[in-house]
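Structural description and commentary
Residues per chain are reported as follows:
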Amino acid sequence: MENRSYVGDETWNADTLPVGGLAGNQPHHHHNHHHKHHTTVDLKAPQSTTASDEKPPLREKWGRNIEFLLSCVALSVGFGNVWRFPYTAFKNGGGAFVIPYLIVLFIIGRPIYYLEMVLGQFSNRGCVKVYDLAPAMRGIGVGQTVAIFTVITYYASVLAVTLRYLVASFNPELPWAKCDPTWPDCVDSSRLGSIALGPNVTQPKTSADLYFRKTVMHAADSLDDGLGYPDWRLALCLVASWIRIVGILIKGIESSGKVSYFLAIFPYIIIAVLLVRSLTLEGARTGIKYFFEPQWDKLLTIEVWYEAVTQCFFSLTICFGGLIVYSSFNDFSNNIYRHALIITSLDTVTSLVAGCVVFGVIGHLAHVTGQSDISKVVQSGPALTFITYPDTIAKFDFLPQFFSVLFFFMLFLLGIGTLIGIVTSVITAIHDQRPDIARWKIVISVGLAGFCIGLVYITPGGLIILELLDYYGATPVTITLAVFELLTFAWIYGVNRVCKDIEFMLGIKTGLFWRFCWGIVTPITVLFILLVSLVQYKPQNVSLGYNALGWCLYAFAVLQLPCWAVYAILQKQGLVWWDRCKAVLRPMADWDPEDPTKRFEYGTFIEEYKQQSVTNRTGNLVEKVRRKLFK
């Protein structure tokens with residue numbers, strides 16, 4: 001249920017807003033701020049009481065802090081690291097991609113990760129309700145929910161393909177190791193050594209490649225003949241995947257927190273085994289060298305930096321809403337600063353280790369096929385994981401089925417961990433707006449919707465649709481809304497206000513690095529990447545109608561922002577239109593901690609800050625910006 005009790009004093013700005021819990025009568029105070037520091041607040045007692053009374057019941061919490069940490073690890077360390085990172089790095093020149101990726105993680109990924117954690121934990125709100133700090137911007141959260149649901153539908157289909165390979169790995173002989181008699185120009189993936197080709201001979205394809213395209217996906221070369229029908233085996237795998245996700249989520253955070261122990265820890269055991277095996281393969285060193293050795297000329301191309309930014313968003317799962325939701329289930333004083341540093345560092349290490357595993361395998365593949373140019377060994381793209389790795393596993397002379405089971409089981413667990421987090425984001429966004437609907441009904445509805453849409457991706461034309469929707473509906477939407485998210489948090493709400501919230505919540509002062517990144521470096525960098533990507537836009541290699549469909553999806557998600565802004569302004573009654581516009585850019589009256597005692601203490605704390613800010617409001621533009629960021 002939406003709370004429309006906005007703070008009403010028109011002389012306040014985003015820096016000096018009071019909160020709705022000031023009318024409480026708790027005797028306890030925080031940080032030795034005494035009652036005598038209170039200033040007069042233009043909120044009548046009935047209004048404050050109403051704002052407090054309308055607060056929903058206290059949010060469910062993680063069983064232990066370690067469950068939150070492991071759940072964030074399972075959310076952030078997933079397909080983005082093992083499935084998306086290797087092929088993105090391969091496409092952008094290996095080491096030429098690693099350097100900008102690490103830089104982007106430092107100035108964009110980590111600051112946004114910590115910022116979203118802070119606001120989620122402070123407000124105990126999901127990715128839509130967190131914009132109660134500036135209700136006009138609530139469309140950002142709605143648009144992010146649209147984008148994340150798009151990702152959910154095709155991540156689940158990738159999970160179904162992973163499950164299909166996992167089941168097939170238990171065969172006495174790997175089914176992709178040998179060519180089917182009906183496949184023309186095929187060479188067994190289990191074959192070692194290079195193949196001598198004549199001048200007019202067609203380049204053969206590996207059995208792993210043809211198995212993926214013809215047996216698993218029945219892939220079409222184009223959409224000229226339509227999408228086709230879903231493969232029934234993949235449909236069953238998709239059902240099994242969604243049953244697993246719904247089964248974990250239907251009991252809420254408590255059950256998903258318990259599952260996180262397995263989902264976050266066990267994949268690392270498998271990664272360690274695969275890393276050891278990859279490093280012991282002949283030729284692995286060549287592949288890993290290619291992975292870390294930069295091609296300096298590519299560092300000057302904007303495409304590599306754009307890919308680094310998008311990979312950062314996918315790898316850490318930032319600006320999708322899932323992190324805000326997970327943090328909203330935290331205890332108010334949980335040390336998320338430490339958690340943010342641990343998780344972002346672990347995510348980076350995991351991406352690099354996964355890159356070593358995959359590039360070690362590619363180096364081995366180059367060795368056994370006699371190919372000296374690593375970049376020509378395999379094709380890049382989402383299919384890299386389902387073609388290159390199976391092809392190389394088929395060449396193992398020791399228990400190839402065992403290593404195949406390990407790899408695809410790891411990939412399946414990582415996919416489940418990521419999907420649980422991002423599906424929770426969608427469920428919470430709906431439940432926060434409609435708390436009258438039972439949570440289990442929302443979980444089942446989201447599961448059914450995700451399954452039905454996911455059937456599209458397991459049709460013969462599904463891979464083309466997957467790349468189309470990722471190109472229009474996930475990556476550009478996320479970056480566009482990320483610009484407005486940073487604008488809202490850093491400038492409308494204010495970096496200084498965020499830092500005061502951190503001081504109240506965690507008892508620590510925020511350093512200049514975080515302030516500078518939140519206010520200047522991160523938003524400018526993301527905005528620059530967005531503008532360059534729009535200027536250098538190239539349509540996908542599909543018909544005009546499908547490209548138009550992609551733009552419609554992008555517009556539907558991004559236009560949520562102005563639509564919800566207009567709605568918020570119209571709902572604000574009793575003021576002229578300009579005052580309405582200013583009012584809906586301020587926090588709502590109940591923007592404060594959910595705990596009544598903390599709410600009263602925060603009111604005392606922020607009132608003193610408001611009083612100090614009012615007395616120091618004079619100065620030129622540079623001075624005002626300085627106060628906004630660094631005071």
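Criteria and thresholds
- Residues numbered from 1 in each chain as written.
- Predicted model: local features only at pLDDT ≥ 70, side-chain atom pairs only at ≥ 80, totals over all residues.
- Heavy atoms only, no water.
- Helix = DSSP H or I, 4+ residues; strand = E, 2+ residues; numbered from the N terminus.
- Buried < 20%, exposed > 50% of the residue type's maximum accessible area, 1.4 Å probe, protein only.
- Contact = heavy atoms within 4.5 Å.
- Areas by Shrake-Rupley, 256 points an atom, 1.4 Å probe, with all protein chains shown as cover.
- Phe/Tyr/Trp six-rings, centres within 6.5 Å; stacked < 30°, edge-to-face > 60°.
- Axes fitted to C-alpha atoms, helices over the stretch in contact; angles between N-to-C directions.
- Left-handed = near helix turned anticlockwise from the far one by under 90°.
- Nonpolar A, V, L, I, M, F, W, Y, C, P; charged D, E, K, R; others polar.
- UniProt positions renumbered as here; feature names shortened; annotations may be inferred.
- 1 Å grid on protein atoms, 1.4 Å probe; cavity = no way out; pocket = protein on both sides within 12 Å on 5 of 7 lines; lining within 4 Å.
- Polar contact = N/O pair within 3.5 Å; in protein donor to acceptor, adjacent residues only side chain to side chain.
- Points joined across faces, edges and corners; volume = space filled by probe spheres on them.
- Disulfide = S-S within 2.5 Å.
- Parallel < 35°, antiparallel > 145°, perpendicular 65-115°, else oblique.

Focus: the overall build of the chain
- What the chain contains, in helices and strands, is 22 helices and 2 strands.
- Counting over 631 residues, the chain shows a buried share of 59%.
- Long-range contacts, defined here as pairs at least 24 residues apart, represent 85% of the contacts in the chain between residues at least 6 apart.
- Total accessible area on the chain is roughly 25300 Å²; 64% of this is exposed by carbon and sulfur atoms.

Let's talk about the packing of aromatic side chains
- As enumerated under the stated definition, the model contains 49 aromatic pairs in all.
- Arranged with centres 5.1 Å apart and planes meeting at 85 degrees, the rings of Tyr471 and Tyr472 form a pair that is edge-to-face.
- Here Tyr472 falls in the buried class, since its relative accessible area comes to 2%.
- Here a set of aromatic residues connected by ring pairs shows up, and it is made of Phe85, Phe97, Tyr101, Tyr290, Phe291, Phe292 and Phe359.

Focus: the packing of helix H8 (residues 253–279) against helix H14 (residues 400–433)
- Close contact between H8 and H14 brings their axes to 9 Å; oriented N to C, the two are set at 145 degrees. The interaxial crossing formed by H8 with H14 has left-handed handedness. Contacts between H8 and H14 involve Ser256, Phe262, Leu263, Phe266, Pro267, Ile270, Ile271, Val273, Leu274 and Arg277 from the first element and Phe403, Leu406, Phe407, Phe409, Met410, Leu413, Leu414, Ile416, Gly417 and Ile420 from the second.
- Looking at the contact of H8 with H14 residue by residue, the class counts come to 17 nonpolar, 2 polar and 1 charged.

Observations concerning the UniProt feature "binding site: Na(+)" (unreviewed entry) in the chain
- Look at the UniProt record and you will see "binding site: Na(+)" (unreviewed entry) annotated at Val77, Asn81, Ser315 and Leu414. Of the residues just listed, which span 338 residues, no C-alpha pair is farther apart than 11.9 Å, and they cluster in one region. Of the annotated set named above, Ser315 line the second largest cavity.
- Residue placement: Asn81 occurs in helix H3 (residues 79–91).
- Look at Asn81 and you get buried, because its relative accessible area is 0%.
- Among all residues touching Asn81, those that are not within four sequence positions of it are Ser76, Pro86, Ser315, Asp347, Thr350, Ser351 and Ala354.
- The residue Ser315 is located in helix H10 (residues 302–316) in this model.
- Sequence-distant contacts of Ser315, defined by excluding residues within four places in its chain, comprise Ser76, Gly80, Asn81, Tyr101, Asp347 and Ser351.
- Reaching out from Ser315, the side chain makes a polar contact with the side chain of Tyr101 at a distance of 3.1 Å.

Things to note about empty space enclosed by the protein
- For the structure on display, the rule yields 5 cavities of 30 Å³ or more.
- Taken as a whole, the second largest cavity spans an internal volume of roughly 70 Å³.
- Along the walls of the second largest cavity sit 13 residues, with Tyr155, Phe314, Thr317, Phe320 and Thr418 positioned nearest its centre.
- Of all the elements in the fold, those that place two or more residues in the lining of the second largest cavity are helix H2 (65–76), helix H5 (138–168), H10 and H14.
- Across the lining of the second largest cavity, the residue classes break down as 7 nonpolar, 6 polar and no charged.

Things to note about the state of the cysteines
- Under the defined criterion, the tally for this structure stands at 1 disulfide.
- Between the sulfur atoms of Cys179 and its disulfide mate Cys186 the distance is 1.9 Å. An S-S torsion of about -85 degrees defines the bridge between Cys179 and Cys186 as left-handed.
- By relative accessible area, which is 22% here, Cys186 ends up partly exposed.

Observations regarding the environment of Ile269
- With respect to the secondary-structure elements, Ile269 resides in helix H8.
- With a relative accessible area of 48%, Ile269 lands in the partly exposed category.

Section: the environment of Leu105
- Mapped onto the secondary structure, Leu105 falls in helix H4 (residues 95–123).
- Accessibility expressed as a relative area gives 8% for Leu105, which makes it buried.
- The spatial distance from the C-alpha of Leu105 to the C-alpha of Ser345 is 9.4 Å, given a sequence separation of 240 residues.
- Setting aside residues no more than four positions away along its own chain, Leu105 makes contact with Arg110, Pro111, Cys312, Leu316 and Thr348.

Comments concerning the packing of H5 against helix H18 (residues 544–558)
- Two numbers describe how H5 lies on H18: the axes approach to 7 Å, and their chain directions differ by 140 degrees. Considered as vectors, H5 and H18 are oriented oblique to each other. Between H5 and H18, the contacting residues are Gly143, Val146 and Thr150 on the first element and Leu553, Phe556 and Ala557 on the second.

Focus: the side chain of Ser278
- Counting through the fold element by element, Ser278 comes out in helix H8.
- Here Ser278 is in contact with Ala284, Cys356, Val357, Gly360 and Val361, once residues within four sequence places are set aside.

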